[in-house]
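Breakdown of the fold
Residues per chain, in single letters:
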Amino acid sequence: MEKELLLERYGGQTRLAVLEDGELRELYLENEEREKLVGSIYVGRVMNVLPGMQAAFVDIGLGKNGFLHAGDILGGKSLGADAGRLEATLRERSIRDLLRPGQQIPVQVTKEPGGAKGPRLSGNVTLPGRLAVLLPTVGYTGVSRKIESEAQRARLAGLAEQIRPEGMGLILRTAAEQAEDEEIRRDVEYLRGLWEDIARRAAYTAAPALLHRDMGLIDRALRDMLLPDVAAMKVEGRETYEAVLEEAGPLAGKVRLYQGEIPLFDLYRVDSRLEHALRRKVWLDSGGYLVIDHTEALTVIDVNTGKYVGKNCLKDTIFALNCEAAEEIVRQLRLRDIGGIIVIDFIDMEDPEQRDALVQKLREELKKDRTRTNVVGLSGLGLLEMTRKKVHQPLHTLLNEPCPLCQGSGTVRSAQSIAQGALYRLRGLALGEGAWLISAHPEVAGQLLLMGVPGGIRAFVRSKPGNKREEVGLEPVLEHELPPKARLLPPQ
């Protein structure tokens, strides 16, 4: 599999596309006017402590207070990496024993704010480098799960124990597998110095205040994505190219300046593929399709046979379609950056072996995803449940906004329903003699002409193409003053 990175800066926006074998797999956006929060460290002031939720709200100076759960405070040096001990401590101690209103506390943003919610915070800071991640508040060492060689894992685990700063934790990243020991030591030493500087400023800074801003998109791409398995990183614009080249380090040879006449993202049809990524329905090559719906609590993906009829028996047809859907679902999760709880309604299968094989197929495909995922498995209703770490806002939230007509529900009232509502209103108003004029959208006016009005009411309807469909005007009128093209509603 050939992997390429495309980078451009244009119109106040930086865009990074990840291609695998020429196909768009991930897209990251960063606007100059929209500040990225995840990874940044603040000294905050505790505003509210809620024992019933084992949580606190912390002011970090952003307008909306951040949410800090007790589980993100207690994972300190005294607890190490003992998850069982952490859970027991949470049961025994109230958050009131840990925080009080007005207290200053250093916190890191772990999740961007969204909707009515403020950012998610943690008291357990992580400082990522190119080869390692420093855990200043947790005495734990680990090695990236993507390093599969047992010999390499053992070597790196031993090295991590040797070089981790006293009282701190350390995780060695995937890129460390190809790095020399001395490179890893230098990376850890840089992170240790960075933390000491942050901690020193936290002790003398009044809350709320920013202590450390995480890297921008370009720097994060160089740190986290420009790895040995990347064939090339193509950059449009000489100024951006030179800035990238300066920071690329040993992998600078993979950075290439694009100077073609066609814009880089147009050449690779990124924008046209992006339009498909925003659609609710996704067609599969076989003729089946997915339907992706986002709710407040979770994302639901439905698998449908569509035009796919298979070749042999029904059992094999369904299994083949579900496997194809599993591959496409993982591609969509990555491209749309969907996080949180995800429920997938695959087509029902009765064969237990095929059900197990499908779950395993999904897990294998998810290994291509850099974001942490957890496949829970098939529920009693045959729904596959999984989670994907939610850090940034998904693509549909970044690029879309709620429809002003449907308020994000995806549906609007039918013309017939609106017309019926207008008749109910008219019934309450037309208590005496006289005529009434109804001004309505053409579709609603057409429905009123079909329905007519109850006996005893004299009403006219005027079609107004400029009206929104749900806008209906009712007013008394003298018949000799009726506007042109007003039509008398027939009696019911």
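Summarised in this report is the structure supplied together with it. (Residues numbered from 1 in each chain as written. Predicted model: local features only at pLDDT ≥ 70, side-chain atom pairs only at ≥ 80, totals over all residues. Heavy atoms only, no water.)

Side note on the packing of aromatic side chains
The full count for this structure, using the stated rule, is two aromatic pairs. On the basis of an interplanar angle of 70° and a centroid distance of 5.6 Å, the ring pair of Phe57 and Phe67 is categorised as edge-to-face. Placement of Phe57 in strand S5 (residues 55-59) and of Phe67 in strand S6 (residues 66-69) is noted, with a sequence separation of ten residues between them. Ring geometry for Trp283 versus Tyr289: centroids 5.0 Å apart, planes at 55°, classification tilted. For Trp283, a relative accessible area of 45% puts it in the partly exposed group. It is Lys281 that lies over the ring of Tyr289; its NZ or CZ is 4.4 Å from the centre. (Phe/Tyr/Trp six-rings, centres within 6.5 Å; stacked < 30°, edge-to-face > 60°. Helix = DSSP H or I, 4+ residues; strand = E, 2+ residues; numbered from the N terminus. Buried < 20%, exposed > 50% of the residue type's maximum accessible area, 1.4 Å probe, protein only. Lys NZ or Arg CZ within 6 Å of the ring centre and 35° of its normal.)

What about the packing of helix H8 (residues 314-336) against helix H9 (residues 352-366)?
Running from amino to carboxyl end, H8 crosses H9 at an angle of 20°, the nearest separation of the two axes being 9 Å. Here H8 is positioned roughly parallel relative to H9, judged by the angle of their axes. As for the relative orientation of H8 and H9, their crossing is right-handed in sense. Here Lys315, Asp316, Phe319, Asn322, Cys323, Ala326, Glu327, Val330 and Leu333 of H8 lie close against H9, whose contacting residues are Gln354, Ala357, Leu358, Lys361, Leu362, Glu365 and Leu366. In the contact of H8 with H9, the residues fall into nine nonpolar, two polar and five charged. (Axes fitted to C-alpha atoms, helices over the stretch in contact; angles between N-to-C directions. Parallel < 35°, antiparallel > 145°, perpendicular 65-115°, else oblique. Left-handed = near helix turned anticlockwise from the far one by under 90°. Contact = heavy atoms within 4.5 Å. Nonpolar A, V, L, I, M, F, W, Y, C, P; charged D, E, K, R; others polar.)

Observations concerning the side chain of Asn304
Structurally, the position occupied by Asn304 is in strand S18 (residues 298-304). Reaching out from Asn304, the side chain makes a polar contact with the side chain of Asp302 at a distance of 3.3 Å. (Polar contact = N/O pair within 3.5 Å; in protein donor to acceptor, adjacent residues only side chain to side chain.)

A few points about the nonpolar core
Core analysis: the biggest nonpolar cluster contains 30 residues, and Leu127, Leu170, Leu172 and Ile184 have the highest contact counts within it. Going through the elements one at a time, strand S4 (41-50), strand S10 (132-135), helix H2 (150-163), strand S12 (169-172), helix H3 (181-203) and strand S13 (209-212) are the ones with two or more residues in this core. Ranked by the residues each element gives to this core, the list is headed by H3, at seven residues. Ignoring sequence-local partners within four residues, the contact set of Leu170 consists of Ala132, Val133, Leu134, Leu135, Tyr140, Thr141, Gly142, Ala160, Ile163, Arg164 and Val188. Residues Leu321, Ile347, Val359 and Leu362 belong to the second largest nonpolar core, which totals 27 residues. (Core = buried A, V, L, I, M, F, W, Y, C linked by side-chain atoms within 4.5 Å.)

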